[in-house]
Amino acid sequence: MGAVLTASLARFVGSIARLSLGPLLPLLSLELGFPTESKPALLSAYSSGYILTQIAGGFFADRYGAPFVLAFTSGASAFVLLALASAPGEWGVTWWIRLYAALGLLAGPLFPASSVAVKEGVEPERRAGAAAVVDAAASAGTCVATLAPAVAAATFGWRGVFIMTAVAALFVTIGSIRLGNAPRQKQFKTKSSRRLSVTSTENGASAESPYKILFSIPSLSLYLCNSCDNFCKYILNAWLATMFVERYKVSAAEAGGWLAIVEAVGVVSRVLAGMRDPLGEKFRWVASSVTFLLQGAFLFLAFNAPNPKSCALFLTLYAFCTGGHSVGFRPRYFETAPHLAGLLSGYGNTIASMASAMGPVAIGMLLGPEKGEDTELDNEDERWNRVAWLMLAVGGGLGLIGAMGLGGGKKSNKSPTESKREALSGSRRMSYYELSVSVLADEDFLKEIGDLDSDKED
């Protein structure tokens, strides 16, 4: 549980650090005099840095362990947040853009490192549920970042918000260091690496090139699933409030309330889905296939809804369905090739982050000119109906294609003993270390080849 708690807190604090800028920007602009034309660059600075370091973060997490990466990332982010809190007004918006880009660079490794933390610190049969909890923690951070910064800033000032977030990041750093030094964690990692070596011997994964695994059909399908999910999710984050205000004529506060409810339902659905994993590794593609079909249908209905209440109902159903991915494509990050969980997560989330950036831009192009600029586009229902079809195509169609390509884990028809005999005879390319650990992990095999009598052991 230490690995899950640490990774969850890291993702929770990371989400707050990333998304608190939006609610605080009016206060910052008023006090520090940020020009209007600089706001898009400031809001996109974090994402520009975030997309660059995920693959490297996954590599280092695989090589040196998740606690090291989580500690470094959270600790360095805390110092950047403190720099933002103490930034004088004469620094100007340019320094804020640089600092937020640096914050994004440091936060990039969080997702792949959390995948490695789950893989290292949780038993295989419980990893899907643990990953769902970590993912829910990130969504909970999004909820908090949407509502809390403006309230906290009214009491403590915007500098106080950055300071509190920095302190929380330092607590995550301390927890990550303790996790890395915990004897129990080291012991479990040893058992996990033995189990991994046995599994690699059985299915021949160790003989495959990492590049073949990273760009295999199941891996590419995994990247596509993550990209389709992010594409839809970040379109909702960027455009849903605008749709409620322009199409349904509700206040910005009411629109924010609906968004918070949808996000909260998503958090609950991820946790509930992670509590049970009825299908298991072999049928991940079934869970995500059904989920993509339902989420595409509910998004289509939401963007065609005649009033805000029915729209919110369909969006809530969409959010509840997304929990299916917690037992669908998401666990495949550490099941496809456990020894490359960090790199797989890095590649997947980098591509998905590109989709996250493309989605809001695509919707802006699809909606066309503002109402009144073109008589053919005066009908708001017609404009948002275009978005509905796009969400159905990406969230339902492309996502379904990706889910069907996930497949299940390849199982060998040979017994473990037969596989180890082949390994001993040189038919499988294994290092002496992998072979020795694999053999020592199987007492029955030791009995067979060395006539070991386990009854005489202490």
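Owing to the predicted nature of the structure, the values given are computational and were not obtained by experimental measurement.

**Digging into the overall build of the protein**
Counting secondary structure elements, the protein contains 20 helices and zero strands. Buried positions account for 49% of the 458 residues belonging to the protein. Across the protein, the fraction of contacts at a sequence separation of at least 24, relative to all contacts at a separation of at least 6, is 81%. With the model as given, the accessible surface of the protein reaches about 21,400 Å², and the carbon-plus-sulfur share is 64%.

**Concerning the nonpolar core**
Ranked by size, the top nonpolar core spans 99 residues in total, and within it Trp96, Tyr100, Phe162, Phe244, Phe303 and Leu315 carry the most contacts. No other element matches the twelve residues that helix 11 (residues 217–248) contributes to this core.

**Considering the pattern of salt bridges**
Applying the stated criterion across every chain yields a total of six salt bridges. Between Asp135 and Arg270 there is a salt bridge whose closest N-O contact spans 2.9 Å. With Asp135 in helix 8 (residues 127–181) and Arg270 in helix 12 (residues 252–275), this residue pair connects regions lying 135 residues apart in the sequence. For Asp135, the salt bridge is made with Arg330, and the minimal N-O distance between the two is 3.5 Å. Here Asp135 is found in helix 8, whereas its partner Arg330 is found in the loop between helix 14 (308–321) and helix 15 (332–335), with 195 residues between them in sequence. With respect to class, Asp135 is no different from Arg330; both count as buried. Via salt bridges that share partners, Arg11, Asp135, Asp229, Arg270 and Arg330 belong to a single interconnected network.

**Description of empty space enclosed by the protein**
Under the defined criterion, the tally for this structure stands at two cavities of 30 Å³ or more. Lining the largest cavity are 13 residues; nearest its centre among them are Phe111, Ser115, Ala131, Asp135 and Arg330. When residues of the lining of the largest cavity are traced back to their parent elements, those giving at least two are helix 7 (110–121), helix 8 and helix 15. For the lining of the largest cavity, the class distribution of residues is seven nonpolar, three polar and three charged. Among the secondary structure elements, those contributing two or more residues to the lining of the second largest cavity are helix 1 (2–19), helix 5 (66–85), helix 6 (92–107) and helix 8. With four residues, helix 1 is the single largest residue contributor to the lining of the second largest cavity. Considering only residue class, the lining of the second largest cavity consists of ten nonpolar, three polar and no charged.

**Some remarks on the packing of aromatic side chains**
Applying the stated criterion across every chain, the model contains 15 aromatic pairs. Measuring from ring centre to ring centre gives 6.0 Å for Trp158 and Phe162, while their planes differ by 85°; the resulting arrangement is edge-to-face. In this pair, Trp158 and Phe162 both sit in helix 8, four residues apart, roughly one turn of the helix. When its relative accessible area of 4% is taken as the criterion, Trp158 is described as buried. The class of Phe162 is buried, set by a relative accessible area of 1%. With centroids separated by 5.6 Å and ring planes inclined at 75°, the aromatic side chains of Phe215 and Tyr347 adopt a geometry described as edge-to-face.

**Considerations on the confidence of the model for the protein**
Per-residue pLDDT for the protein averages 79, and the proportion of residues at 70 or more is 80%. Here helix 9 (residues 183–203) stands out as the element of the protein with the lowest mean pLDDT, 42, in contrast to helix 5, whose mean of 94 is the highest. Note on residues 184–207: pLDDT under 50 across the span, and 42 contacts to partners over four residues away in sequence or across chains. Low pLDDT, under 50, characterises residues 409–449; the predicted model gives this stretch 58 contacts beyond four residues in sequence or across chains.

**Quick notes on a nonpolar patch on the surface**
Where nonpolar side chains cluster on the molecular surface, the patch consists of Phe79, Leu82, Ile163, Val167, Leu170, Phe171 and Ile174 and spans about 660 Å² of accessible area. Contributions of two or more residues to the nonpolar patch are made by helix 5 and helix 8. Sort the elements by how many residues they give to the nonpolar patch and helix 8 lands first, with five residues. The class of Phe79 is exposed, set by a relative accessible area of 60%.

**Examining the side chain of Asn226**
Mapped onto the elements, Asn226 comes out in helix 11. Given the relative accessible area of 1%, Asn226 is considered buried. A polar contact is formed between the side chain of Asn226 and the side chain of Tyr333, at a distance of 2.6 Å. Ignoring anything within four residues of it in the chain, the contact list for Asn226 reads Phe111, Phe329, Arg330, Tyr333, Gly348, Asn349 and Ala352.

What counts, and at which threshold
Residues numbered from 1 in each chain as written. Predicted model: local features only at pLDDT ≥ 70, side-chain atom pairs only at ≥ 80, totals over all residues. Heavy atoms only, no water. Helix = DSSP H or I, 4+ residues; strand = E, 2+ residues; numbered from the N terminus. Buried < 20%, exposed > 50% of the residue type's maximum accessible area, 1.4 Å probe, protein only. Contact = heavy atoms within 4.5 Å. Areas by Shrake-Rupley, 256 points an atom, 1.4 Å probe, with all protein chains shown as cover. Core = buried A, V, L, I, M, F, W, Y, C linked by side-chain atoms within 4.5 Å. Salt bridge = Lys/Arg side-chain N within 4 Å of Asp/Glu carboxyl O. 1 Å grid on protein atoms, 1.4 Å probe; cavity = no way out; pocket = protein on both sides within 12 Å on 5 of 7 lines; lining within 4 Å. Points joined across faces, edges and corners; volume = space filled by probe spheres on them. Nonpolar A, V, L, I, M, F, W, Y, C, P; charged D, E, K, R; others polar. Phe/Tyr/Trp six-rings, centres within 6.5 Å; stacked < 30°, edge-to-face > 60°. pLDDT = per-residue confidence, 0-100. Patch = residues over 30% accessible without salt bridge, like charges linked within 9 Å, V, L, I, M, F, W, Y side chains within 5 Å. Polar contact = N/O pair within 3.5 Å; in protein donor to acceptor, adjacent residues only side chain to side chain.

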